[in-house]
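Secondary and tertiary structure notes
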Amino acid sequence: MPEVEANDTSEQRAAGLNRKTALITGITGQDGSYLAEFLLEKGYRVVGMTRRTSTEVHERIEHLVARVEIVSGDLLDQGSMAILIADIRPDEVYNLAAQSFVPTSWNQPVLTGEFTALGVTRLLEAIRSVDPKIRFYQASSSEMFGKVQETPQSESTPFYPRSPYGVAKVYGHWITVNYRESYNMFAVSGILFNHESPRRGKEFATRKISDGVARIKLGMQEKLHLGNLDARRDWGFAGDYVHAMWLMLQQEQPDDFVIATGRTHSVRDFCRLAFRAVDLDYQRYVVEDPRFMRPAEVDLLIGDPSKAKRALGWEPEVTFEALVEQMVAADMARLQPLARV
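Residues numbered from 1 in each chain as written. Predicted model: local features only at pLDDT ≥ 70, side-chain atom pairs only at ≥ 80, totals over all residues. Heavy atoms only, no water.

**So, the overall build of the protein chain**
What counts here: Here a helix means four or more residues in a row that DSSP labels H or I, a strand means two or more in a row labelled E, and each is numbered from the N terminus. Note on classification: 1.4 Å probe, protein chains only; a residue is buried when its accessible area is under 20% of the maximum for its type, exposed when over 50%, partly exposed between these limits. A contact between two residues is defined here by any heavy atoms of the two lying within 4.5 Å. Note on areas: Shrake-Rupley, 1.4 Å probe, and residue coverage restricted to the protein chains presented here.
Counting its secondary structure elements, the protein chain contains 11 helices and 13 strands. A buried classification covers 53% of the 341 residues belonging to the protein chain. The long-range share in the protein chain, meaning contacts at least 24 apart out of those at least 6 apart in sequence, stands at 79%. Carbon and sulfur atoms form 49% of the exposed surface of the protein chain, whose accessible area is close to 15,600 Å².

Dropping the structure here:
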């Protein structure tokens with residue numbers, strides 16, 4: 001690690017004033033951690049915004065804390081956003097912070113709206129008032145399509161969200177478009193379909209599956225309770241998707257892009273591959289549990305990434321099958337020391 005830091009310091013000196021600064025909200029999340037890694041490799045000064053809490057939650061960026069700057073800020077507080085932008089003067093802002101767990105949005109719809117919808121406005125307004133030339137990336141979501149109006153979903157597909165989270169994301173998406181068109185700001189939205197990794201939170205279905213598979217294989221758990229096994233999603237690797245975020249902010253003109261693999265799989269498919277990775281049959285262990293069904297289900301999401309491939313030159317590199325195996329292997333390695341002998 002010291003050698004890496006030394007190299008980074010020499011790169012900073014060489015880059016001098018030409019070194020770009022990026023501000024990432026939500027840096028401690030899955031996407032934030034992968035994006036921070038990516039931007040550091042590109043020679044950026046990386047500043048991560050986190051909410052002030054009594055405990056530190058830097059697990060996903062523990063290996064990066066010596067190379068990034070962590071600052072306090074709150075998307076609920078307009079004043080803190082303006083001060084932050086004025087102090088840091090970033091070249092690029094990546095807004096990845098949100099209340100991002102769909103089931104929670106049903107229990108906390110107002111808070112979800114404050115963070116995931118109005119928080120975008122507060123950040124855009126801070127940028128507009130301090131320096132409208134700052135480039136802004138908004139993390140939009142395939143959940144905005146909800147009850148899909150066409151398949152596959154592209155940039156022109158009408159939105160029909162089916163959760164408070166999806167509704168809030170639609171607001172965040174359109175306020176970004178509005179600021180771009182009203183104030184001539186370089187503000188873009190990436191409509192990202194489901195993207196996973198070993199850093200995914202355990203409350204999400206894919207990580208719940210990989211963690212459950214490892215626990216069952218190691219004798220730490222007997223059954224895996226899930227919701228709708230027939231729901232279908234377009235799943236990719238988070239590390240691939242942050243590359244697309246960066247590419248969007250490097251274009252001559254701001255535009256919005258669907259980022260997806262163009263392939264769809266069911267939750268059942270994910271289970272089958274995950275259990276197969278440890279030589280088990282998922283049907284013996286998976287229980288479809290009504291407690292985990294959504295009040296309004298999103299049955300099928302599949303993105304059309306042709307515009308991103310054509311305009312950005314972006315291609316996903318990690319396959320669905322490799323992603324599932326990677327997640328299971330990571331949870332097996334994490335839990336092995338804790339398993340009964």
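**Quick notes on the pairing of strand β4 (residues 92-95)**
Using the following cut-off: Here, a strand pair is defined by DSSP locating no fewer than two bridges between the strands.
Neither face of β4 is exposed, since E92 and Y94 on one face and V93 and N95 on the opposite face are all buried. Relative to β4, strand β1 (residues 21-25) runs parallel, the two being bridged by 4 bridges. Looking across to β4, one finds that T25 is bridged to N95.

**A look at the nonpolar core**
Basically, it comes down to this: The nonpolar core is taken to be a set of buried Ala, Val, Leu, Ile, Met, Phe, Trp, Tyr and Cys residues, with the residues joined through side-chain atoms within 4.5 Å.
I24, L39, V46, Y94, Y137, I209 and I259 are the most contacted members of the largest nonpolar core, which has 64 residues in total. In this structure I24 touches G32, L35, A36, L39, V46, V47, G48, M49, Y94 and L96, once residues within four positions along its chain are discounted.

**Some words on the pattern of salt bridges**
What counts is decided by this rule: Salt bridge, as used here, is a side-chain nitrogen of Lys or Arg placed within 4 Å of a carboxyl oxygen of Asp or Glu.
Within the structure shown, the criterion is met by 16 salt bridges. Residues R122 and E114 are paired through a salt bridge, measuring 2.7 Å at the closest nitrogen-oxygen approach. Exposure remark for R122: the relative accessible area of 14% places this residue in the buried category. Here R263 ties to E321 by a salt bridge, and the two come within 3.1 Å at their closest N and O atoms. Pair noted here: R263 is in the loop between β11 (257-259) and β12 (265-266) and E321 is in helix α11 (residues 320-335), with a separation of 58 residues, a long-range link. Overlapping salt bridges, with partners in common, bring together R207, D211, R215, D331 and R334 in one network.

**Here we look at α11**
Because the α-helix completes a turn every 3.6 residues, residues three or four places apart line up on one side. Going by this rule: Expected helix span is taken as 1.5 Å per residue step, with the number of steps being one fewer than the number of residues. By construction, the arc corresponds to the directions joining the helix axis to the C-beta atoms.
If you check α11, its first and last C-alpha atoms are 23 Å apart, about what 16 residues at 1.5 Å a residue would give, namely 22 Å. Within the span of α11, buried status applies to F320, L323, V324, M327, V328, D331, M332 and L335. Angularly, the buried residues of α11 cover 165 degrees about the axis, an arc narrow enough to put them on a single face. Looking at the buried positions of α11, the neighbouring elements they touch are β7 (195-196), α7 (205-217), β10 (236-237), β12 and α9 (267-276).

**Points about the packing of α9 against α11**
For clarity, the cut-off: Under this scheme, a helix contributes an axis fitted over its contacting stretch, all axes are lines through C-alpha atoms, and angles between N-to-C directions fall in the 0 to 180 degree range. Working definition: roughly parallel below 35 degrees, roughly antiparallel above 145 degrees, roughly perpendicular at 65 to 115 degrees, and oblique for all remaining angles. In a left-handed crossing the near helix is turned counterclockwise from the far helix by less than a right angle, and in a right-handed crossing that turn is clockwise. For this scheme, ten residues count as nonpolar: Ala, Val, Leu, Ile, Met, Phe, Trp, Tyr, Cys and Pro. Four count as charged, namely Asp, Glu, Lys and Arg, and the remainder, Gly too, count as polar.
With their axes 9 Å apart at the nearest point, α9 and α11 run at an angle of 55 degrees to one another. Taken together, the axes of α9 and α11 lie oblique to each other. The handedness of the crossing between α9 and α11 comes out as right-handed. Where α9 abuts α11, its residues F270, L273 and A274 lie against F320, E321, V324, M327 and V328. Of the residues in the contact of α9 with α11, the class split is 7 nonpolar, no polar and 1 charged.

**Digging into the confidence of the model for the protein chain**
Quick note on the threshold: On a scale of 0 to 100, pLDDT captures the predictor's confidence in every residue.
Mean pLDDT over the protein chain works out to 89, with 88% of the residues at or above the 70 mark. Below a pLDDT of 50 lies the segment residues 1-16, which in the model reaches 8 contacts outside its immediate sequence neighbourhood of four places, other chains included.

**A closer look at the packing of aromatic side chains**
How we decide: Centres within 6.5 Å make a pair out of two Phe, Tyr or Trp rings, where for Trp the six-membered ring is used; the pair is then stacked when the planes are under 30 degrees apart, edge-to-face when over 60, and tilted otherwise. Geometrically, a charge over a ring is one whose NZ (Lys) or CZ (Arg) sits within 6 Å of the ring centre while staying within 35 degrees of the ring normal.
Evaluation of the coordinates by the stated rule reveals 12 aromatic pairs. In textbook terms, an aromatic cluster arises when at least three aromatic residues are bridged by ring pairs, as seen for F145, F159, W174 and F193. A cation over a ring is seen here: R135 above F186, with NZ or CZ 3.8 Å from the ring centre. Lying across the ring of F204, R200 places its NZ or CZ 3.8 Å from the centre.

**Some details on unusual backbone geometry**
Looking along the chain, the bond that leaves T151 and enters P152 is cis, with omega of -5 degrees. Within the fold, P152 resides in the loop between β5 (135-141) and α6 (164-183). Residues other than glycine seldom take positive phi values, yet R89 does so here, at roughly 50 degrees. Mapped onto the fold, R89 is located in the loop between α3 (78-88) and β4. Here N184, not a glycine, exhibits a phi torsion of approximately 55 degrees, which is positive. Mapped onto the elements of the fold, N184 is located in the loop between α6 and β6 (187-192).

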